[in-house]
Amino acid sequence: MSQSEKQQELLLQLKVENQQLLKFKQLNNLMRDTLETFAAKGRKQSPFTSLFALLHQELQADEQLIVALNDDETSFSILDATDARLKNLAAPLLKTQNNTAAQLHIFSQSTVIFDLALSPKWPAEVRDMLPQACSALIQPIRIGQHHYAIVLLSDQPKTFTIDAKTVVASYSSFIASFLSLFENQRLETERDQLFAQQKRIEQSMVQQDKLAAIGQLAAGVAHELNNPLGFIYSNLNTLKVYIQTVQDFVYSAYSTAPELKDVAATTNLSFLLEDSFALIEESLDGARRSRDIINNLRTFSHPDDTSVSKVDLLELLTSTIRIANTQTKRNARLTLSTDIDSAFVDGNATQLSQVLLNLINNAYHAINHKQGLIAVSLTQLGRWLTIKIADNGCGIETSMITHIFEPFFTTKDVGKGTGLGLSISRAIVEQHNGCLALEQTSAAGSVFVVSLPVSDA
Amino acid sequence: MMKVIRHCLDATDQACFCDQLVALEQPETACLSIAFGSVKAISELSRCHYATLLSARWVATSSCQDAFSDQAIEGNHHLAILQFVDPTGAYGVASRHSDNKTIVDDSKAALQEALLAANKPGELPTFIWCSPSPGLEEGLLTGIRELVGDDVPVFGGSSADNDVSGNWCMFDGQQLVHTGFIIAVLFPSVPISYYFSCGYEQTPLSAVVTSACERQLISLDNQPAADVYNAWRELKGQPSLPAGPVLAASTFSPLGRIVPQHDVNMALLSHPALIRADGSIDLFSQVHTGESITFMQGDTELLVQRAATVSGIARQQLSNLYDSKPQAAIVIFCAGCMLAIPEDIKRVQQGIRQKLENIPFIGGYTFGEQGRFADGINRHGNLMISAIIFGSVNESV
């Protein structure tokens, strides 16, 4: 071999090595930028945003996707994409068999697709979303038991080279780091959600314990108070009859012996008799209120003491609003709106009516001006019927929001409310497999929501 | 784990040849078999139905005179086979009877068919192996380029016979093709390295093609091509060649098409086959108007050394680029070169064996060579030498 031939050979060798070095330079750039990205942005930014930017810079991909495969690799979902429309897109995978009859899908091997139109394995769902994509580079990434793939797409055919595939394959461990970061973020979010859920459950359990204790106490108190109250009430009525008899006798005596009037005047007997009636009436009123409280306590303790039937909620709402309107019309306009023709739930009409009356009364009591408005609406979403009671009252103070469903908690003046309305209402609604919640409250008013499942029948 | 197995069978007797094929049957059918053999050996292979039991897909190409391998066997009719058993790879083969008018479209259609057979439609293969009949090479490469671009290395050798009488043939496992081609797409689980070079030296004598029609070189620097060529020969102390067949006489003095690669000019050889009475020269590869043509010179020692050097470079690249150990190799050696050094061809094979350090290899003497230089463009040339080495699995793949 001549000297010039040897030199040419050497130069060619150097060219080959130069190509390799260019490839390594590209890879080094990617790795360096990746580390800088990690160092600069830490864990605050979505990890794939930086990854996509780096790969776009080095490999000129028009679109990029990160794909997560399900455990048996029969379907995939898109974790993130440069095109936001693709995020969370899920689709099945078309599998084919290789020489060893192993099941292969498009994301199972490092692949350059020079023309996506020729590849039946390319998922139709992605093809529909990105019809302009002509060529692709796919690199599978495995982290433990989880399988992912990064997909680089170009709007031009034959964009990605075998060298680009080698670069991405070498870079895949870094991509795995991004995925681990994402996994960690996801796990952190999941953990926070679980902690929050645990806290809610614990609070709920405390609340349930509290409610159970109160229920037991209420049932016991109601039982113990009911008998003495019974004879107090009965005796007061009897006493009222006795006093009436005494008064009748006194007035009869006055007619037969008028001088008794003077004697009675000196003892202020007329006042005593009249006042006795007032006292008895006040006592009876107190006894009646006590009886109502006891009944409420019993209802709170045993909200299921009643029969269940198919209830026309629309009719129930109409009649309840009609009854409530007799009280609310003084300060507030009560409206009902709905976009459905029929609404049936399985439940107890009396109890449900009580719930609605409670909520309307609460709304009314929150209105401290003359332009009151209580808007009741009924809507249906799927198998759920939702009643909203919105008022333009004074709202509920933030510090009180967490307590409003607790028994005996009331913002009303002493004697005006028992503090059992909302807690009883919630117990009733939950007994109907529904839920009652405060949707929002502010100085402009409050909105309570009752959701009940549609009747199965 | 991919295995590449080499066999070298004697095809002198058909019955005996079939028995040898049967004896090769293994538990796993090979994904692909690449083979070279004499025209008789390829014909016998096509007649033996055991061929398909041995391998699902074949690219068997007729070699001028006989195939060669690292196994030295007596006789004139051999079939040298490389079997690829690669459970995690993918391979596809397609063939076409074709001609100059349809070759580009046929090439694209066959490549798509091969990709489909490999279960990889639309996917870029790692390597393409081809076997065209003489005359269709450029069209075949154009079709491949139009479909997948130049990113995939394409190597192969044109089928040959012993006397350029057109008896060359190819077998794909299903049919025998005389005028057409076979194309194989490889998605192997191991790395592949390759080197494509000529065994000749450039001279300072050069001219620009001023008129050409496909493989007919009409004029150089506006002079009849034969006049310029013969003037160059005389300047180098070689006799002028009269009109008529010049294939053998021009073997050590071919023309080289200059392929600029950055600051290096590589020569893609074009072998003069016939000088016409009008002063034009028929070549074994296409030339284009505007191309620079140089006068090339070679000798026995250059050719003997060159095959070993090319094999050594390919082997070194496998180690440098992929840190992989070689399993097996294919060496393509131009039939024209072989015919020019009949006494020294054993030395060529020895040199290859030595450089490849006794790994199994097969080879054929072809009427045209396809491959690519470091510029990444796949080309067809004459009097060229190429070596393709299949590595072993490692983490760099």
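As the structure is a prediction and not an experimental result, all values here were calculated from the model.

Parameters and conventions
- Residues numbered from 1 in each chain as written.
- Chains lettered and ligands numbered in written order.
- Predicted model: local features only at pLDDT ≥ 70, side-chain atom pairs only at ≥ 80, totals over all residues.
- Heavy atoms only, no water.
- Contact = heavy atoms within 4.5 Å.
- Buried area = accessible area lost by both parts, 1.4 Å probe.
- Salt bridge = Lys/Arg side-chain N within 4 Å of Asp/Glu carboxyl O.
- Polar contact = N/O pair within 3.5 Å; in protein donor to acceptor, adjacent residues only side chain to side chain.
- Helix = DSSP H or I, 4+ residues; strand = E, 2+ residues; numbered from the N terminus.
- Nonpolar A, V, L, I, M, F, W, Y, C, P; charged D, E, K, R; others polar.
- Domains from an automatic or database assignment.
- Phe/Tyr/Trp six-rings, centres within 6.5 Å; stacked < 30°, edge-to-face > 60°.
- Lys NZ or Arg CZ within 6 Å of the ring centre and 35° of its normal.
- Pairing = 2+ DSSP bridges.
- Axes fitted to C-alpha atoms, helices over the stretch in contact; angles between N-to-C directions.
- Patch = residues over 30% accessible without salt bridge, like charges linked within 9 Å, V, L, I, M, F, W, Y side chains within 5 Å.
- Areas by Shrake-Rupley, 256 points an atom, 1.4 Å probe, with all protein chains shown as cover.

A. Up close: the interface of chain A and chain B. Contact residues are listed per partner, giving 31 residues for chain A and 45 residues for chain B. Of the roughly 3100 Å² buried between chain A and chain B, counting both surfaces, carbon and sulfur atoms make up 51%. Inspection of the region where chain A meets chain B yields one salt bridge. E123 of chain B is the salt-bridge partner of K121 of chain A, the closest N and O atoms lying 3.2 Å from each other. On the surface where chain A and chain B come into contact, there are eight residue pairs in polar contact (both at pLDDT 80 or more). Among the elements of the structure, α1 (3-41), β4 (96-97) and β6 (111-113) of chain A are those that each provide at least two residues to the side of chain A that touches chain B. When residues of the side of chain A that touches chain B are assigned to their parent elements, the largest contribution, ten residues, is made by α1 of chain A. Looking at side-chain class alone, the side of chain A that touches chain B contains eleven nonpolar, 14 polar and six charged residues.

B. Spotlight on the domain arrangement of chain B. Residue and element names in this part refer to chain B. Taken domain by domain, chain B consists of domain 1 (3-197 + 302-391) and domain 2 (200-297). Just the C-alpha atoms count here: the centres of domain 1 and domain 2 sit 28 Å apart. In this complex, domain 1 contributes 22 residues to the contact, which on the side of domain 2 involves 20 residues. Summing the contributions of domain 1 and of domain 2, the shared interface buries around 1700 Å²; its carbon and sulfur component is 66%. If you look at where domain 1 meets domain 2, you find two salt bridges. Across the pair E137 and R215 runs a salt bridge, and its minimum N-O distance is 2.4 Å. Run the count over domain 1 and domain 2 and you get eight residue pairs in polar contact (both at pLDDT 80 or more). At the level of secondary structure, the elements contributing two or more residues to the side of domain 1 that touches domain 2 comprise α5 (137-148), α7 (300-322), α8 (335-340) and β25 (378-381).

C. Quick look at the packing of aromatic side chains. If you walk through the whole model with that rule in mind, you get 17 aromatic pairs over all chains. For the pair F127 of chain B and Y194 of chain B, a centre-to-centre distance of 6.2 Å together with 40° between the ring planes defines the contact as tilted. Of this pair, F127 of chain B sits in strand β7 (residues 127-132) while Y194 of chain B sits in strand β12 (residues 192-198); the two residues are 67 residues apart in sequence, bridging distant segments of the chain. Each member of the aromatic cluster is reached from another via a ring pair, and the members are F68, F333, F361 and Y365 of chain B. The side chain of K310 of chain A reaches across the aromatic face of F344 of chain A, ending 5.0 Å from its centre. Above the ring of F405 of chain A, the side-chain terminus of R426 of chain A is found at 3.7 Å from the ring centroid.

D. How the structure looks around the sheet that holds strand β22 (residues 326-334) of chain B. Residue and element names in this part refer to chain B. With mixed pairing, the five strands of this open sheet are ordered in space as β4-β23-β22-β26-β12. Only two strands of the sheet have a single partner each, and these edge strands are β4 (68-69) and β12. Each of β4, β22 and β23 (361-366) is contacted by helix α9 (residues 345-355), which is oriented at about 145° to β23, the strand it contacts most.

E. Representation of a nonpolar patch on the surface. A cluster of nonpolar side chains, namely L10, L11 and L14 of chain A, defines an oily patch on the protein surface of about 260 Å² accessible area. Within the secondary structure, L11 of chain A is located in helix α1.

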